[in-house]
Amino acid sequence: MTWIAFGITWGTVRTITHGIRGGWLPCGNISAGGQHLHHYNFGIGTLAGIGIIAVRGDERAVGHPAVAAAYGAGIALIADEFALLLDLQDVYWAKQGRLSVDISLGILSVLGAYLTAKPFWHECARVTRHHVVSTAKRNLTAAR
């Protein structure tokens with residue numbers, strides 16, 4: 001759910017920002033008190049809310065698909081402006097802003113590869129854990 005929410009949010013945000021810049025969307029940038037609010041601000045707020053659930057929520061809330069989706073959406077909002085956060089300059093439309101796209105596509109790729117091969121990775125972990133435990137027991141027995 002996190003991966004899907006990340007992808008949908010990232011694609012939606014990219015489309016909206018291109019629409020605002022291109023003038024083909026009727027909405028504009030969000031501002032408060034004359035200060036432009038970047039979408040990473042909403043991502044940080046979302047992750048702060050998810051953090052409260054993770055720390056103080058009950059088990060049903062922590063494992064709920066909506067929490068996973070909100071987490072993915074929050075990460076996407078932040079990753080889409082990674083270059084801005086890295087340089088502390090608004091480089092969203094500059095050449096340096098490409099870093100945000102690369103980071104976001106990297107996150108989608110790595111998570112997608114993990115999820116696609118999840119049974120494989122879990123089996124690798126199980127076999128490795130079994131091997132480590134067996135070796136440790138054998139070494140303890142030999143040392144006695």
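Our structure's up above, just so we're on the same page.
Caption draft 1: Up close: the overall build of the protein chain. When you go through the protein chain residue by residue, the secondary structure sums to 7 helices and 2 strands. Order of helices (α) and strands (β) in the protein chain, N terminus to C terminus: α-β-β-α-α-α-α-α-α. For 144 residues, the compact-globule estimate of 2.2 N^0.38 gives 15 Å, and the C-alpha radius of gyration of the protein chain, at 21 Å, exceeds that figure by more than 25%. Oriented by its inertia axes, the alpha-carbon framework of the protein chain measures out at about 75 × 40 × 25 Å. For the protein chain, the residues scored as buried account for 24% of the 144 residues in total. Partitioning the intrachain contacts of the protein chain with sequence separation of at least 6 by distance along the chain shows that 61% fall at a separation of at least 24. On the protein chain, roughly 9800 Å² of surface is accessible, and the fraction owed to carbon and sulfur atoms is 65%.

Caption draft 2: Here's a closer look at the side chain of serine 100. Here serine 100 is to be found in helix α6 (residues 98-116). Excluding its chain neighbours within four sequence positions, the residues that come into contact with serine 100 are Arg14, Ala79, Asp80, Glu81, Phe82 and Ala83.

Caption draft 3: Representation of the side chain of histidine 38 in the model. Locating histidine 38 in the fold gives a position in the loop between β2 (35-36) and α2 (39-56). Those residues in contact with histidine 38, other than ones at most four positions away along the chain, are Glu81, Leu84 and Asp90.

Caption draft 4: Representation of helix α4 (residues 65-79) in the model. Its 15 residues place the ends of α4 21 Å apart at the C-alpha level, agreeing with the 21 Å of an ideal helix rising 1.5 Å per residue. When we look at burial in α4, the residues that qualify are Val67, Ala69, Gly72, Ala73, Gly74, Ala76, Leu77, Ile78 and Ala79. For α4, the elements touching its buried residues are α1 (2-22), α2, α3 (59-62), α5 (82-87) and α6.

Caption draft 5: Structural context of the nonpolar core. The biggest cluster of nonpolar side chains holds 6 residues, and these are Phe6, Trp10, Ala76, Ala79, Val101 and Leu108. Elements that contribute at least two residues to this core include exactly α1, α4 and α6. If we skip the residues at most four places from it in the chain, leucine 108 touches Trp3, Phe6, Gly7 and Trp10.

Caption draft 6: Fine view of a nonpolar patch on the surface. Taken together, Trp3, Ile4, Ile8, Leu111, Tyr114, Leu115, Phe120 and Trp121 make up a surface patch of nonpolar side chains, about 760 Å² in accessible area. Looking at the nonpolar patch, the elements with two or more residues in it are α1, α6 and α7 (118-143). Mapped onto the elements of the fold, tyrosine 114 is located in helix α6. A relative accessible area of 34% places tyrosine 114 in the partly exposed class.

Cut-offs and rules
- The residue numbers shown here count from 1 along each chain, following its written sequence.
- It should be noted that, the model being predicted, local features are given only for residues of pLDDT at least 70 and side-chain atom pairs only at 80 or more, the latter also being counted only at that level, while totals for whole chains, interfaces and linings use all residues.
- For side-chain calculations, the full set of non-hydrogen atoms in the structure is used, while hydrogens and water are omitted.
- The helix and strand labels rest on DSSP assignments: H or I over at least four residues marks a helix, E over at least two residues marks a strand, and numbering proceeds from the N terminus.
- Note on method: radius of gyration uses C-alpha positions; expected globular size equals 2.2 Å times residues raised to 0.38.
- Only protein chains enter the accessibility calculation, which uses a 1.4 Å probe; a residue whose area is less than 20% of its type maximum is buried, one above 50% is exposed, and one in between is partly exposed.
- Working rule for contacts: check all heavy atoms of both residues, and any pair within 4.5 Å makes them a contact.
- Method for areas: the Shrake-Rupley scheme with a 1.4 Å probe, in which residue coverage is limited to the protein chains shown.
- Expected span, for any helix, means 1.5 Å times one less than how many residues it has.
- Only buried residues count toward a nonpolar core. Its members are Ala, Val, Leu, Ile, Met, Phe, Trp, Tyr and Cys residues joined through side-chain atoms within 4.5 Å.
- Exposure above 30% relative accessible area and the absence of a salt bridge qualify a residue for a patch, where like charges join within 9 Å and nonpolar side chains (Val, Leu, Ile, Met, Phe, Trp, Tyr) within 5 Å.
- A carboxyl oxygen of Asp or Glu within 4 Å of a side-chain nitrogen of Lys or Arg is what we treat as a salt bridge.

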